[in-house]
Amino acid sequence: MLNQLPSKLPDVGSTIFTEMSALALKCKAINLGQGFPNYPPPEPLIQAVNAAMRQGHNQYAPMAGLPQLREVIASKVLGQHGQDYSTETEITVTSGATEALMSSFLALTHPGDEVLLIDPAYDLYSPALRLAGATPVRVPMCPPKEDDPSFRIDWNRIESAITTRTRMLVLNFPHNPSGLTLKPEDLDALETLVSKRPLLLLSDEVYEHIVFDGKKHLSPVARPTLAERTVLISSFGKTFHATGWKIGYCCAPAQIMTEIRKIHQFTVFSVSTPMQAGIARYLREPNIVSELSDFYQRKRDRLIAGLKNTVLRPLTSEGTFFLLVDTQALGAGLEKELALSLTRELGVVSIPVSAFYADPDSPASNHQLLRLCFAKRDATLDQALERLQGVKNC
Ligand code: PMP
Ligand code: GLN
């Protein structure tokens, strides 16, 4: 046997999502942790994928994705943000947003490059960047306050973290886990930031179609000065209640996309053909994504209303299918410990927000917040709320 197998990621174990979902199964708890719906994708979409298989869309797709899917992505993004990407050279279909992220990091960062992450940050970014040889530099958002129950981006702090080695800034709005969205003034701040230095932007927008209270999803690609340096990444997983399908895409100017495709072609090559054909067909139907925000807003509001009967205080959620709850009434302590005891004692799984920081056990990463996923049937949400009423003040 091998005496030694040096790990490339010695400090990495299973993700918090894997850990909490396994615990949900073991404890037979209601899983409001890992972000996935417990209802099926739209029936016409399932039929479109089935039909694609029967019609012979079963061999390798072109490396960059089926042309018909790239076309509908191009017109969707043009309609959303006014940015016109070439289907030939600027759009690639990927194996979920995960692969788009990994391929982008591997293609665009070099050993010694620093990449800014805004904390709390999705768990994949930091290890993926380290595998690429880059150094993640984590810049915290301002945590929620009594009079402002929301995380806030601190653009001054981001600017101060920039050095001559900074290559890229990673954005993720609507934001997992806080639900924060970008505002026009954030895009102004970004424009000022990039006007002073050659910075790439990577914008993870997997929750682009889930934005509440009549607001519109704002992407950096809506501004030409930002679009020219941005990789836009999204996924159909959240939009179609199909997180297990793992089909996503990225859009970027041709020079950037050429490099991303070099990685994509040797890691994945091409993505499941019948899925692409089915999604392309389905996306041509009118109003496919326009009802999603209302659908999730009703679920968010149901959860918020039910939480009034508990000691957990909801924060603001402007988008995504996540809601943060303040657990101050339950006393101080590590968020993870609380999430574990709520699972074991009440049978409701949540995600500690501290898991989205570099050091989940440090006091600076613990703001007494838990993330609840409301992409669940109403009956599941009601059952979880009933159980959460059992949480007592300490
Ligand atoms: N980015 C963020 C912010 C996510 O929450 C997720 C997980 N849903 C992903 C990327 C990964 O997306 P996919 O499942 O399409 O790979
Ligand atoms: N994005 C999902 C979440 O935040 C998790 C996906 C995963 O488990 N890799 O819950």
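See the structure printed just above.
Residues numbered from 1 in each chain as written. Chains lettered and ligands numbered in written order. Predicted model: local features only at pLDDT ≥ 70, side-chain atom pairs only at ≥ 80, totals over all residues. Heavy atoms only, no water.

Topic: the overall build of the protein chain
For the protein chain, the count of helices and strands is 13 helices and 13 strands. Expected size for 394 residues packed as a compact globule is a radius of gyration near 21 Å; at 21 Å, the protein chain falls within 12% of this value. Across its three principal directions, the C-alpha atoms of the protein chain cover 60 × 60 × 55 Å. Taking all 394 residues of the protein chain together, 56% fall into the buried category. Residue pairs in contact within the protein chain that sit at least 24 positions apart in sequence constitute 75% of those at least 6 positions apart. Accessible surface for the protein chain amounts to roughly 17,200 Å². Of this, 52% is attributable to carbon and sulfur atoms. Each charge sign in the protein chain was given a centre, from 39 positive and 41 negative side chains, and these centres are 4 Å apart. (Helix = DSSP H or I, 4+ residues; strand = E, 2+ residues; numbered from the N terminus. Rg over C-alpha atoms; globule rule 2.2 N^0.38 Å. Buried < 20%, exposed > 50% of the residue type's maximum accessible area, 1.4 Å probe, protein only. Contact = heavy atoms within 4.5 Å. Areas by Shrake-Rupley, 256 points an atom, 1.4 Å probe, with all protein chains shown as cover. Lys, Arg positive; Asp, Glu negative; His and termini not counted. Charge placed at Lys NZ, Arg CZ, Asp CG, Glu CD.)

Looking at the pairing of strand E8 (residues 248-251)
Residues Gly-248 and Cys-250 of E8 are buried on one face, and the alternating residues Tyr-249 and Cys-251, pointing to the opposite face, are buried as well. Across four bridges, strand E2 (residues 91-94) lies against E8 in antiparallel orientation. Pairing of Thr-94 across the sheet is with Gly-248, part of E8. Bridging between strand E7 (residues 230-235) and E8 involves four bridges; their strand directions are antiparallel. By the bridge assignment, Leu-232 is partnered in E8 with Cys-251. (Pairing = 2+ DSSP bridges.)

Here's the deal with the site of ligand 2
Close contacts around ligand 2 come from Phe-17, Gln-34, Gly-35, Tyr-122, Asn-176, Tyr-207, Lys-238, Phe-322 and Arg-371, and that covers them all. In the environment of ligand 2, a nitrogen atom lies 3.3 Å from a nitrogen or oxygen atom belonging to the side chain of Tyr-122. Its free accessible area being 300 Å², ligand 2 has 79% of it covered by the protein chains. Split into classes, the residues belonging to the shell around ligand 2 amount to four nonpolar, three polar and two charged. (Near = heavy atom within 4 Å. Polar contact = N/O pair within 3.5 Å; in protein donor to acceptor, adjacent residues only side chain to side chain. Nonpolar A, V, L, I, M, F, W, Y, C, P; charged D, E, K, R; others polar.)

Here we look at the packing of aromatic side chains
Within this structure, the stated rule accounts for 16 aromatic pairs. Both rings, one in Tyr-60 and one in Phe-269, keep their centres 6.0 Å apart while their planes meet at 85 degrees; by these two values the pair is edge-to-face. A residue pair is termed long-range when its members are at least 10 positions apart, and Tyr-60 in the loop between helix H2 (43-54) and helix H3 (67-81) and Phe-269 in the loop between helix H9 (254-267) and helix H10 (273-283) qualify at 209 residues. Look at Tyr-60 and you get exposed, because its relative accessible area is 74%. (Phe/Tyr/Trp six-rings, centres within 6.5 Å; stacked < 30°, edge-to-face > 60°.)

So, the pattern of salt bridges
Within this structure, the stated rule accounts for 20 salt bridges. In this structure, the salt-bridge partner of Arg-165 is Glu-114, at a minimum N-O distance of 3.2 Å. With Arg-165 in the loop between helix H6 (155-161) and strand E5 (166-171) and Glu-114 in strand E3 (residues 114-119), this residue pair connects regions lying 51 residues apart in the sequence. Linking Glu-318 and Lys-183 is a salt bridge whose minimum nitrogen-to-oxygen distance equals 2.9 Å. Placement of the pair is Glu-318 in the loop between strand E9 (313-314) and strand E10 (322-326) and Lys-183 in the loop between E5 and helix H7 (184-195), with a sequence separation of 135 residues. On the accessibility criterion, Lys-183 (18% relative accessible area) is buried. Through salt bridges that share partners, Lys-299, Arg-302, Asp-378 and Asp-382 make up one connected network. (Salt bridge = Lys/Arg side-chain N within 4 Å of Asp/Glu carboxyl O.)

What to know about the packing of helix H11 (residues 292-307) against helix H13 (residues 378-388)
The N-to-C vectors of H11 and H13 enclose an angle of 20 degrees; their axes lie 10 Å apart at closest approach. Judged by the angle between their axes, H11 and H13 are roughly parallel. The two elements H11 and H13 cross, and the hand of that crossing is right-handed. Residues Lys-299, Arg-302, Leu-303, Gly-306 and Leu-307 of H11 pack against Asp-378, Leu-381, Asp-382, Leu-385 and Leu-388 of H13. Residues of the contact of H11 with H13, tallied by class, amount to five nonpolar, one polar and four charged. (Axes fitted to C-alpha atoms, helices over the stretch in contact; angles between N-to-C directions. Parallel < 35°, antiparallel > 145°, perpendicular 65-115°, else oblique. Left-handed = near helix turned anticlockwise from the far one by under 90°.)

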